[in-house]
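So you can see what is in the structure, the chains are spelled out below.
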Amino acid sequence: QAQAFPPLEPLLLVLKQFLYNRDLNDTSSGGVGSTLLTMTVISLLQSRKQGADYEKAESNLGVLLMDYLDMMGLFENERDGISVRDGGLIFDKRTRGWHKSGRPFLLACEDPLNPNKDMGCNSYKVQDVQRAMREAWGCLSAPTMPGWTPLGSILQWFGRQDMAFITQRTRTFAERQGLG
């Protein structure tokens, strides 16, 4: 899929970090894991695919990130589900029996290899994910102060401490700067 959608990998890197920083990246704890995240990003890119020229402004990474945050932040989980098969589509969860009366807010996403499997059924913190995406969209679309970077603000740590990750990032930065 990465060859069909050049923006897929960089968008996933930013979004994975975004979810990781908020402890919303692990399906086993109700978050959105890598596979589900990948399917939702592919869904966005499929909606843009026809005639997409990723060198043009309407398809640049910043615009695509904003579109993704908007799409997922406002996605109608109670009604709709996502499929990436056959060029992608949004479907009615009720027609597939994927609407759970006790948890109608769950994000339904069809497994492209097994259309009867809902990949989002364990992401019970999806409302937290959506809230974070709406807030990030608001932050990135707000006017900025000189010297302040909105992207940095949505990728900030929020108190999550992962020293191995921080050490690795610091080392990589130092190497790139010729300091390591």
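Residues numbered from 1 in each chain as written. Predicted model: local features only at pLDDT ≥ 70, side-chain atom pairs only at ≥ 80, totals over all residues. Heavy atoms only, no water.

Participant: A description of the confidence of the model for the protein chain should follow, citing residues and the corresponding values.
Facilitator: Looking at the protein chain, the pLDDT average stands at 82 and 72% of residues meet or exceed 70. Summarising per-element confidence for the protein chain, the mean pLDDT is lowest in helix α6 (residues 150-154) (56) and highest in strand β3 (residues 108-111) (95). (pLDDT = per-residue confidence, 0-100. Helix = DSSP H or I, 4+ residues; strand = E, 2+ residues; numbered from the N terminus.)

Participant: Talk me through the side chain of Arg-22; I want residue IDs and the actual numbers.
Facilitator: Examined against the element boundaries, Arg-22 turns out to sit in the loop between α1 (8-21) and α2 (34-49). Glu-135 provides the closest opposite charge to the buried, salt-bridge-free Arg-22, at an N-O distance of 6.2 Å. Within the local environment of Arg-22, its side chain forms a polar contact with the backbone oxygen of Phe-18, the two atoms lying 3.0 Å apart. (Buried < 20%, exposed > 50% of the residue type's maximum accessible area, 1.4 Å probe, protein only. Lys, Arg positive; Asp, Glu negative; His and termini not counted. Salt bridge = Lys/Arg side-chain N within 4 Å of Asp/Glu carboxyl O. Polar contact = N/O pair within 3.5 Å; in protein donor to acceptor, adjacent residues only side chain to side chain.)

Participant: How would you sum up helix α5 (residues 126-141)? Please name residues and give values.
Facilitator: With 16 residues, α5 should reach 22 Å at 1.5 Å per residue; the first-to-last C-alpha distance of 22 Å fits that figure. Burial in α5 covers these residues: Val-126, Val-129, Gln-130, Ala-132, Met-133, Ala-136 and Leu-140. Seen end-on, α5 carries its buried residues on one side only, within an arc spanning 160 degrees. (Expected span 1.5 Å × (residues − 1). Arc of directions from axis to C-beta.)

Participant: So what's going on with the packing of aromatic side chains? Which residues, and what values?
Facilitator: Overall, the coordinates contain 1 aromatic pair when judged by the stated rule. Centre to centre, the rings of Phe-91 and Trp-98 are 5.6 Å apart; their planes meet at 75 degrees, and the pair counts as edge-to-face. Judged by relative accessible area, which is 9%, Trp-98 ranks as buried. For the cation-ring pair, Arg-96 lies above Phe-91, with the distance from its terminal atom to the ring centre recorded as 3.7 Å. The ring of Trp-98 is capped by Arg-96, whose NZ or CZ atom sits 5.5 Å from the centre of that ring. (Phe/Tyr/Trp six-rings, centres within 6.5 Å; stacked < 30°, edge-to-face > 60°. Lys NZ or Arg CZ within 6 Å of the ring centre and 35° of its normal.)

Participant: Account for empty space enclosed by the protein, with residues named and values stated.
Facilitator: A full pass over the atoms with the stated rule returns 1 cavity of 30 Å³ or more. Here the largest cavity defines a volume of roughly 40 Å³. If you trace the largest cavity, you find it lined by Val-32, Thr-40, Tyr-68, Met-72, Leu-107, Val-126, Val-129 and Met-133. No other element matches α5, which puts 3 residues into the lining of the largest cavity. (1 Å grid on protein atoms, 1.4 Å probe; cavity = no way out; pocket = protein on both sides within 12 Å on 5 of 7 lines; lining within 4 Å. Points joined across faces, edges and corners; volume = space filled by probe spheres on them.)

Participant: Lay out the sheet that holds strand β2 (residues 89-92) in plain terms, naming residues and giving numbers.
Facilitator: Taken in spatial order, the 4 strands make up an open sheet running β2-β1-β3-β4, and their pairing is mixed. The strands lining the two open edges of the sheet, one partner per strand, are β2 and β4 (114-118). The average angle at which neighbouring strand axes cross in this sheet is 35 degrees, direction not considered. As judged from the 2 bridges shared by β3 and β4, these two strands associate in the antiparallel manner. Across the sheet, the residue bridging to Asp-111 is Asn-114, located in β4. (Pairing = 2+ DSSP bridges. Axes fitted to C-alpha atoms, helices over the stretch in contact; angles between N-to-C directions.)

Participant: Report on the pattern of salt bridges, specifying residues and quantitative values.
Facilitator: Summed over the entire model, instances satisfying the criterion amount to 4 salt bridges. The salt bridge partner of Asp-80 is Arg-79, with a shortest N-O separation of 2.9 Å. Overall, the relative accessible area of 13% leaves Asp-80 in the buried class. Residue classification places Arg-79 among the partly exposed positions, given a relative accessible area of 46%. Its salt-bridge partner being Asp-128, residue Arg-131 comes within 2.8 Å of it at the nearest N-O pair. Linking Arg-131 with Asp-128, this pair stays in helix α5, spanning 3 residues, or about one helical turn.

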